[in-house]
Amino acid sequence: MSETIAFKPETLEKVKQIIARYPEGKQKSALIPVLHLAQKEFGGWLDVPVMDYVASVLEITPIEVYEVATFYTMFNMQPVGKYVLEVCVTGPCMLRGSDDIVNYIKEKLGIQAGETTADGLFTLKPAECLGACGYAPMMQLGKFYHENLTKEKVDEILELCRQGQIALD
Amino acid sequence: MSKKLLLKNAHIEGIRYFDTYREHGGYQSVEKALKMTPDQIVEEVKTSGLRGRGGAGFPTGMKWSFLAKPEGVPRYLVVNADESEPGTFKDRYLMEFLPHLLIEGMIIASYALGSNTSYIYIRGEYAWIPDILEQAIDEAKKAGFLGKNILGSGFDLEIYVQRGAGAYICGEETALLESLEGKRGNPRLKPPFPAVKGLWQCPTVVNNVETIAAVVPIIDITGAEYAKIGVGRSTGTKLISACGNINKPGVYEIDMTITVEEFIYSDEYCGGIPNGKKLKACIPGGSSVPIVPANLLLKTASGEPRYMNYESLSDGGFATGTMMGSGGFIVLDEDQCVVKHTMTLAHFYNHESCGQCTPCREGTGWMYKILKKIESGQGEMKDIDLLWDIQRKIEGNTICPLGDAAAWPVAAAIRHFRDEFEWHINNPECLTRNYGIAHYADPLPVVEKQ
Ligand SMILES: Cc1cc2nc3c(=O)[nH]c(=O)nc-3n(C[C@H](O)[C@H](O)[C@H](O)COP(=O)(O)O)c2cc1C
Ligand code: SF4
Ligand code: FES
């Protein structure tokens, strides 16, 4: 993909609007929002050429992009499946059975934590507290939370994913 | 009796939208505030006794009065919506259901502080909430409450929402500012404090979402009236996000005069423990505050009932008390294993350490490894002392308080549940499921701080 990495014109417009939120010369502040846009537009993860492109868009050095991209857990440094199941496993969720949910997903999909199914559809990514502790167990899928999970609900979600019917954005 | 200031209109259909919010008295505090001087607003907030709702409980009016005001240098208000402390989900509730309350509070606070550009830094995972906030901002702008010359007062304000990307440490205010500048979330050495050198080295106030929302009722009813609610230095109302083994998890607004017992067992709040189980322990202020066993939770060491406020929760210090923290109230029933719960928290802090300080970076990793060893049935008695030793070496020896936040839960778990660690070492069969010993129905005697 290295030859022609470029944001769509409407994304570039968005980048411009984001940069305008900050004072003159502080466009580096746009880095995290722009990395979110890049990850979304270029296949769900941040390959080196993508990061280099972001650096050129923001007129900063590539290393400034790498060090930020690798710091934040929401940026994927490896390819991921189409659906990244981010199940919270921190204490409050554990108290309400997140272990069972994680194990159930592992069993159903035949993958371990951090792995992607062979068909490239699902990645299981255990997550730390997502601010939904009262509605545990829960997972994040794309932009949205799925809360008060049960095995039945997990089945439903996986099925909706397979049918391409789940809202990610 | 519950007294609601922040959530009083939360149940109203459509309150998320400007028109409905306005019909129910919304933005009247802005109209009132813009007729006051900025200093008068700071005074009102001082009088109210409002304390920061982000966790540390620092008096908000005082924080505002520390803001440096050098000529010709912009000042900033940054709202901390990073909300990543395990057990805490109250700010999310405010932003999802009452976005205009936050915007209204930000207008007043920005006017008081002289900030013409204010930011909301929200954790990246709350990915659908920026849309809600941005819609509220657009609506407020169309109605003349944002933008240039608001209500003819001559005051200009723009508000922007910035998403993080998954890093608990960015809730720490200087890490947040670094992140907002497009960098790794490495906390800064203090001083200088943000009030002097904050965002882009300009004077900055960082406040929690709930803190800023509370400014709206303060202006509405006056600081003096606000101060009459609650007790002592715990004035006003507090949002508590309750989770774990309770019948009714959720976000509650409390007047800080109720007892912990009422909060857990009354139907108005948590509604008791499911399945007739007994209360074992609680972490009342988000995962960073000390866990306390049931007997010390409901009553202080001197036998007084414990109340849901800053002073009462911390009564007895860390030997027998805990903290109000962020109000993330985590309840453990008799079936829960303290070792396992503490292990998940140790994993959390290790995962979230930014890595700048050796004691935090290495210590959190060691604590997790040792807890994992004990939890998986491989522990030895000397591991407990080793854990204690490690947490002591972290506490107080780091750039930011994440080190302390990682150390305290481990210290408190050992302090109050040492026998459970021992039991775990002697009874590896516990590993079939996360069942700890269920003896906290009969409270253990208080263990003195070692
Ligand atoms: C590791 C760490 C994480 C924190 N996370 C948050 C957070 O998510 N939200 C928050 O408001 N404050 C958080 N704080 C506290 C902030 O540093 C700061 O004190 C607070 O935003 C000030 O606002 P307040 O005075 O309104 O409470 C955190 C502090 C530390 C040390
Ligand atoms: S205490 Fe931990 S999180 Fe805080 S600055 Fe040091 S290494 Fe980073
Ligand atoms: S512990 Fe899972 S959302 Fe908070």
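- Chain B carries the name NADH-quinone oxidoreductase subunit F in an unreviewed UniProt entry, which gives Cloacibacterium normanense as its organism.
- UniProt's Catalytic activity (unreviewed entry) comment on chain B is quoted here verbatim: "a quinone + NADH + 5 H(+)(in) = a quinol + NAD(+) + 4 H(+)(out)".

- If you check an unreviewed UniProt entry, chain A appears there as NAD(P)H-dependent oxidoreductase subunit E from Cloacibacterium normanense.
- Looking at chain A in UniProt, the text filed under Sequence similarities (unreviewed entry) is "Belongs to the complex I 24 kDa subunit family."

1. Points about the pattern of salt bridges
All names here are of chain B.
- By the definition in use, this model includes 35 salt bridges over all chains.
- Note that Glu31 and Arg22 form a salt bridge whose closest N and O atoms lie 2.8 Å from each other.
- Taking the relative accessible area as the measure of exposure, Glu31 reaches 27% and is therefore partly exposed.
- In this structure, Asp383 engages Lys373 in a salt bridge whose closest nitrogen and oxygen atoms are separated by 3.0 Å. One end of the pair, Asp383, is in helix 17 (residues 381–394); the other, Lys373, is in helix 16 (residues 358–375), with ten residues separating them in the sequence.

2. Observations regarding a nonpolar patch on the surface
- Taken together, the side chains of B:Phe58, B:Met62 and B:Phe66 make up a nonpolar region of the molecular surface, amounting to roughly 290 Å² of accessible area.
- Among the structural elements, B:Phe66 can be located in the loop between helix 4 (60–65) and strand 1 (75–81).

3. Observations regarding the domain arrangement of chain B
Residue and element names in this part refer to chain B.
- One can read the domain layout of chain B as domain 1 (18–228), domain 2 (234–333) and domain 3 (338–426).
- Distance between the C-alpha centres of domain 1 and domain 3: 35 Å.
- Contacts between the two partners involve twelve residues from domain 1 and, on the opposite side, eleven residues from domain 3.
- Summed over both sides, the interface between domain 1 and domain 3 buries roughly 870 Å², with carbon and sulfur atoms accounting for 70% of that surface.
- Counting the contacts that link domain 1 with domain 3 gives zero salt bridges.
- Joining domain 1 to domain 3, the criterion identifies two residue pairs in polar contact (both at pLDDT 80 or more).

Definitions and limits used
Residues numbered from 1 in each chain as written. Chains lettered and ligands numbered in written order. Predicted model: local features only at pLDDT ≥ 70, side-chain atom pairs only at ≥ 80, totals over all residues. Heavy atoms only, no water. UniProt positions renumbered as here; feature names shortened; annotations may be inferred. Salt bridge = Lys/Arg side-chain N within 4 Å of Asp/Glu carboxyl O. Buried < 20%, exposed > 50% of the residue type's maximum accessible area, 1.4 Å probe, protein only. Helix = DSSP H or I, 4+ residues; strand = E, 2+ residues; numbered from the N terminus. Patch = residues over 30% accessible without salt bridge, like charges linked within 9 Å, V, L, I, M, F, W, Y side chains within 5 Å. Areas by Shrake-Rupley, 256 points an atom, 1.4 Å probe, with all protein chains shown as cover. Domains from an automatic or database assignment. Contact = heavy atoms within 4.5 Å. Buried area = accessible area lost by both parts, 1.4 Å probe. Polar contact = N/O pair within 3.5 Å; in protein donor to acceptor, adjacent residues only side chain to side chain.

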